[in-house]
Amino acid sequence: MSSITAAAATETRKPLYTSLFVQVLAALLLGIALGVTAPDFAIGLKIFSDAFLKLISMIVAPIVFCVVVHGIAGAGDLRKVGRVGVKALIYFEVMTTIALVVGLLLAYLFGPGHGMNIDTSTLDAKALNTYADNAHKLQGGGIGAFLLNIIPTTSFDALSRNDVLQVLFFAVIFGVSLALVGGEKGEKVTSMIDAVSAVLFRAMGLIVRAAPLGVLGAVAYTVGKYGAGSLKQLVSLVALFYVSVAIFVFGVLGGVMALAGINILKFLGYLREELTIVLATASSDAVLPQIMRKLERLGVKDSVVGLVIPTGYSFNLDAFSIYLTLAVVFIAQATNTPLSFGDLLLVLGISLITSKGAHGVPGSAIVILAATLNAVPSIPAIGLVLVLSVDWFIGMARALGNLIGNCVATVVVAAWEGDLDREKATRVLDGAELVDVTAG
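Basis of the calculations
Residues numbered from 1 in each chain as written. Predicted model: local features only at pLDDT ≥ 70, side-chain atom pairs only at ≥ 80, totals over all residues. Heavy atoms only, no water. Helix = DSSP H or I, 4+ residues; strand = E, 2+ residues; numbered from the N terminus. Buried < 20%, exposed > 50% of the residue type's maximum accessible area, 1.4 Å probe, protein only. Contact = heavy atoms within 4.5 Å. Areas by Shrake-Rupley, 256 points an atom, 1.4 Å probe, with all protein chains shown as cover. Salt bridge = Lys/Arg side-chain N within 4 Å of Asp/Glu carboxyl O. Axes fitted to C-alpha atoms, helices over the stretch in contact; angles between N-to-C directions. Parallel < 35°, antiparallel > 145°, perpendicular 65-115°, else oblique. Patch = residues over 30% accessible without salt bridge, like charges linked within 9 Å, V, L, I, M, F, W, Y side chains within 5 Å. Expected span 1.5 Å × (residues − 1). Arc of directions from axis to C-beta. Phe/Tyr/Trp six-rings, centres within 6.5 Å; stacked < 30°, edge-to-face > 60°. Left-handed = near helix turned anticlockwise from the far one by under 90°. Nonpolar A, V, L, I, M, F, W, Y, C, P; charged D, E, K, R; others polar. pLDDT = per-residue confidence, 0-100.

J.: I'd like a description of the overall build of the chain, backed by residues and values.
T.: When helices and strands are counted, the chain shows 21 helices and zero strands. With 440 residues in all, the chain has 51% of them scored as buried. In the chain, 85% of the contacts between residues at least 6 apart in sequence involve partners at least 24 apart. About 19,000 Å² of surface is accessible on the chain, with carbon and sulfur atoms providing 66% of the total.

Here is the structure:
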């Protein structure tokens, strides 16, 4: 039977040029070529990237709302929903802590900042003006302000501002209420939300077809503006961060996925289109809707996908956590600032808190890093200027690692809860069952 299914899948394979992955890869290569040969023209192509991200942003909030509400209402057992949420938060904290430690250990092992001997008095503080206000607000508000910000002013305000965490908060309340109402009224609302969700995913499928243009614009702009040799400055930090993310993904996350019975390489291959888009645009928001649909098609229950993915976008930033500790130690090394064991513990503790507010903050990496450094007075905050020039390139791997971490978290929590169809997952990852999210 499985051989028949595989044969049928092979017969229905589309021509190579129609593959979204091939189109995105071709756009990426074309963007590099244009950036090198015609930089001025390439910089103007950024409009494609901006337009694509705005299209995705337009549809993210309503899709998250529909998926979460339908998942909770369809779960039947509200205690199960609460159990999934608790397990997800436990997993997030464990992985975030491991990521912070990985960044710290690799920074000390390789010492990327040693030998730079930077005199902080020569650094241009004006370069940080763009991020100063946001950093001040974040630090001044503290945990209380962050928690209050999760509660939207109005439900429509959360949707209009596209604040995923606020949309999630309202969707959980609405979904729980819908489950409690139940009966004929509850069924009518649930059916309507399911129908709206189907339409939104169809719209998402149309938007995703424009991904190659978005990638073309993002890559062409980056290479055209910064040049092909942009990574020469601070290349050791950039290289070490990419290696750190790879170690975490294949070592830590690969081990966790193995315990869940999933091969990490096959899993990454299944998500190759989305990962390529994220790498090129340096934004995980660009693929949020189709990632949720792909995980459902993999065999993960929709209620788990609806809770874990949106929550993880704010609470499970693995690659960002690696970057925080790596960058802090790099700045200390570059400025010849000695760090005591107490300073390191303080960095870990502060980073564990500040990393939770990263998603959705303008210039998030620099802002959160600034808030972290301001809490560790022994390290000169002006050292942030050192990482500004390569933040975009680091951001590419940062977004990629964050997305992979959240996808792995969803599968692991589903397996932990018994909401993963392992047989279906095996068929999909082995290519015996084709998945095309552009079909809606």
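From this point on, the discussion continues.
J.: Explain the pattern of salt bridges to me, using residue names and the numbers behind them.
T.: On inspection of all chains with the given rule, the structure shows eight salt bridges. Between R293 and E296 there is a salt bridge, and its shortest N-O distance comes to 3.8 Å. With R293 and E296 both in helix α14 (residues 288–298) and three residues apart, the pair spans about one turn of that helix. The buried category is assigned to R293, whose relative accessible area is 12%. Through salt bridges with shared partners, a single ionic network connects R83, K87 and E417.

J.: Which residues make up the packing of helix α11 (residues 235–259) against helix α20 (residues 391–417), and what values do they have?
T.: The geometry of α11 relative to α20 is characterised by a closest axis approach of 10 Å and an angle of 5° between their N-to-C directions. Comparing their axes, α20 and α11 come out roughly parallel. Contacts between α11 and α20 involve L237, V238, F241, Y242, V245, V249, L253, V256 and M257 from the first element and F393, I394, M396, A397, R398, G401, I404, G405, V408, V411 and V412 from the second.

J.: Now, about a nonpolar patch on the surface: what can you tell me, with residues and values included?
T.: Residues L25, L29, I32 and V36 make up a contiguous nonpolar surface patch of roughly 340 Å² in combined accessible area. Within the secondary structure, L25 is located in helix α2 (residues 20–37). Classification of L25 by relative accessible area gives partly exposed; the value is 37%.

J.: Any details on α2? Residues and values, ideally.
T.: Here α2 spans 26 Å end to end across 18 residues, near enough to the 26 Å set by a 1.5 Å rise per residue. Taken together, the buried positions of α2 are L20, V24, A27, L28, G31, L34 and G35. Looking straight down α2, one finds its buried side chains confined to an arc of 135°; they lie on one side. When the buried face of α2 is taken as reference, the exposed residues oriented beyond 90 degrees from it are L29, V36 and T37.

J.: Break down unusual backbone geometry for me, with residues and values.
T.: Not every positive phi belongs to a glycine, and N336 is a case in point at roughly 55°. Residue placement: N336 occurs in the loop between α16 (318–334) and α17 (341–354).

J.: Describe the side chain of Q166, naming the residues involved and giving the relevant values.
T.: Mapped onto the elements of the fold, Q166 is located in helix α8 (residues 164–181). In this view, Q166 contacts N149, I150, I151, P152, D157, A158 and R161; residues no more than four positions away in its chain are not counted.

J.: Hey, could you go over the packing of aromatic side chains for me, with residue numbers and the actual values?
T.: Two measures describe an aromatic ring pair: the distance that separates the ring centres and the angle between the ring planes. A full pass over the atoms with the stated rule returns five aromatic pairs. Between F65 and F170, the aromatic rings sit 5.6 Å apart at their centres with planes inclined by 15°, giving stacked as the arrangement. A residue pair is termed long-range when its members are at least 10 positions apart, and F65 in helix α4 (residues 46–75) and F170 in helix α8 qualify at 105 residues. Overall, F170 belongs to the partly exposed group, its relative accessible area being 26%.

J.: Residues and numbers for helix α13 (residues 272–281), please.
T.: An α-helical segment advances 3.6 residues per turn. Residues three or four places apart therefore align on the same side. In terms of burial, α13 is largely enclosed, as eight of its 10 residues are buried. Within the span of α13, buried status applies to E273, E274, L275, T276, I277, V278, A280 and T281. Directly after α13, the chain includes A282, whose backbone phi takes a positive value near 60°.

J.: Run through the packing of helix α9 (residues 183–208) against α14, naming residues and quoting values.
T.: One way to put it is that α9 packs onto α14 with a least axis distance of 10 Å and a crossing angle of 120°. The angle between α9 and α14 falls in the class oblique. The element α9 and its partner α14 pack so that their crossing is left-handed. Across from F201, M204 and V208 in α9, the residues of α14 making contact are P289, Q290 and R293. The residue makeup of the contact of α9 with α14, split by class, is four nonpolar, one polar and one charged.

J.: Tell me what's going on with the environment of V94, and back it up with residues and numbers.
T.: Following the sequence through the fold, V94 ends up in helix α5 (residues 78–110). Sequence separation of V94 and N316 is 222 residues, and the distance between their C-alpha atoms is 9.6 Å.

J.: Go over the confidence of the model for the chain with me, naming the residues and quoting the values.
T.: Averaged over the chain, the pLDDT score is 78; the fraction of residues at 70 or greater is 78%. In the model, residues 1–11 has pLDDT below 50 throughout and makes four contacts with residues more than four positions away in sequence or in other chains.

J.: A description of the environment of I207 should follow, citing residues and the corresponding values.
T.: Relative to the assigned elements, I207 resides in helix α9. Considered as a pair, I207 and I56 are 151 residues apart in the sequence and their alpha carbons are 7.1 Å apart. In this structure, I207 is in contact with F52, L55, I56, M58 and I59, ignoring residues within four places of it in sequence.

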